[in-house]
Amino acid sequence: DYGVSDITLVIQPDPAAPPAGAGAPVHVALPLAKPGAPETAGTALQDFSANPMAGLPVLLHLEARDAAGQVGMSERVAMVLPEREFNHPVARQLVAMRKRLAGPAPSARGRASAGEELGELAVQPDAFGGDVIVSLALSVAQARLRLDDTATAVPSVRDLLWETALRVEQGDVPFAERQLEQAWQALTEALQRNATAAEIDRLVDALQQALNRFLAAAAAELARRGQQAEPFGAEAQMLRSDDLTDMIEAARTLARSGS
């Protein structure tokens, strides 16, 4: 009735391999190329590495809703949700701790153990390059586990441990990368709903600024590691900042022409 109005991806723990505290089902709205069309197809890139179910067996299915409110469900697909790999030992320790705190109600002993572990890490700044932000994050996480008895305490600590692990692993790159993804998503959604030329121009500018911040953060991280960007192979070509800027300007021109 009147075509597909929205499509949702649903991810839930696999009951055939129940992990402890895998978390509640996740519902993700997917973009539609032509809302209201009787049929739709496409691809969407999603990052679930921060989800507590990452690395665990899950079931996925799609739900499509039409304008009349009727819902159709695809077959379920079983898979292991991809998990991000960390190389820095402190980052790996924080991610392992985060997994132990998974579940609706970690035990008091588990919280106390995690708090002690965070305290031990906080007094070893050389282990994470003396990063003041990491030190503050460890202290805040430890205090929340010890003093905050509300229902939001442990989930907030899990989020903080993830962000801290990313910073230990890659410096400012993950934050800049999220800003770039958000700018790209905002522009994509505006193009799909035929936004005004002024709004598209503003979002293209925001995308360019986010790209510049990401490239600067990536270059700073490479310099910190004493590395430089190199092609994957002898005949591979490198896209440089100017090339990416030209591509964004070409996209702006196409959007103005209605393409």
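Residues numbered from 1 in each chain as written. Predicted model: local features only at pLDDT ≥ 70, side-chain atom pairs only at ≥ 80, totals over all residues. Heavy atoms only, no water.

To continue, consider the overall build of the chain. A count of helices and strands for the chain gives 7 helices and 5 strands. Secondary structure of the chain in N-to-C order comes out as β-β-β-β-β-α-α-α-α-α-α-α. Dimensions of the chain along its principal axes, counting C-alpha atoms only, are 60 × 50 × 40 Å. A total of 259 residues make up the chain; the buried ones form 33% of that total. Of all intrachain contacts in the chain linking residues separated by at least 6 positions in sequence, the fraction that spans at least 24 positions is 65%. When the accessible area of the chain is evaluated, it comes to approximately 15900 Å², of which 55% is carbon and sulfur surface. (Helix = DSSP H or I, 4+ residues; strand = E, 2+ residues; numbered from the N terminus. Buried < 20%, exposed > 50% of the residue type's maximum accessible area, 1.4 Å probe, protein only. Contact = heavy atoms within 4.5 Å. Areas by Shrake-Rupley, 256 points an atom, 1.4 Å probe, with all protein chains shown as cover.)

Another point: the packing of helix α5 (residues 173-192) against helix α6 (residues 197-224). A pair of packed helices is captured by two measures, namely the crossing angle of their axes and the spacing between those axes. Two elements in contact, α5 and α6, have axes whose closest approach is 8 Å; the angle formed by their N-to-C orientations is 160°. Relative to α6, the element α5 lies roughly antiparallel. Considering how the two elements wind past one another, α5 and α6 form a crossing that is left-handed. Here the contact of α5 with α6 is composed, by residue class, of 19 nonpolar, 1 polar and 4 charged. (Axes fitted to C-alpha atoms, helices over the stretch in contact; angles between N-to-C directions. Parallel < 35°, antiparallel > 145°, perpendicular 65-115°, else oblique. Left-handed = near helix turned anticlockwise from the far one by under 90°. Nonpolar A, V, L, I, M, F, W, Y, C, P; charged D, E, K, R; others polar.)

To continue, consider α5. Structurally, the α-helix is built with 3.6 residues per turn, so residues lying three or four positions apart point the same way. Here α5 spans 29 Å end to end across 20 residues, near enough to the 28 Å set by a 1.5 Å rise per residue. Within the span of α5, buried status applies to V173, P174, A176, L180, A183, L187, T188 and A190. With its phi angle positive at about 55°, N194 sits one or two positions after the end of α5. (Expected span 1.5 Å × (residues − 1).)

Judged by nonpolar contacts, the single largest core of 22 residues is most densely connected at F86, L94, L101, L118, L138, L145 and L161. Only α1 (89-100), α2 (108-122), α3 (132-147) and α4 (153-170) provide two or more residues apiece to this core. Setting aside anything within four residues of it in sequence, one finds F86 in contact with A91, R92, V95, W162, A165, L166 and E169. Counting 14 residues, the second-largest nonpolar core is a separate cluster that includes A190, I200, L203 and L211. (Core = buried A, V, L, I, M, F, W, Y, C linked by side-chain atoms within 4.5 Å.)

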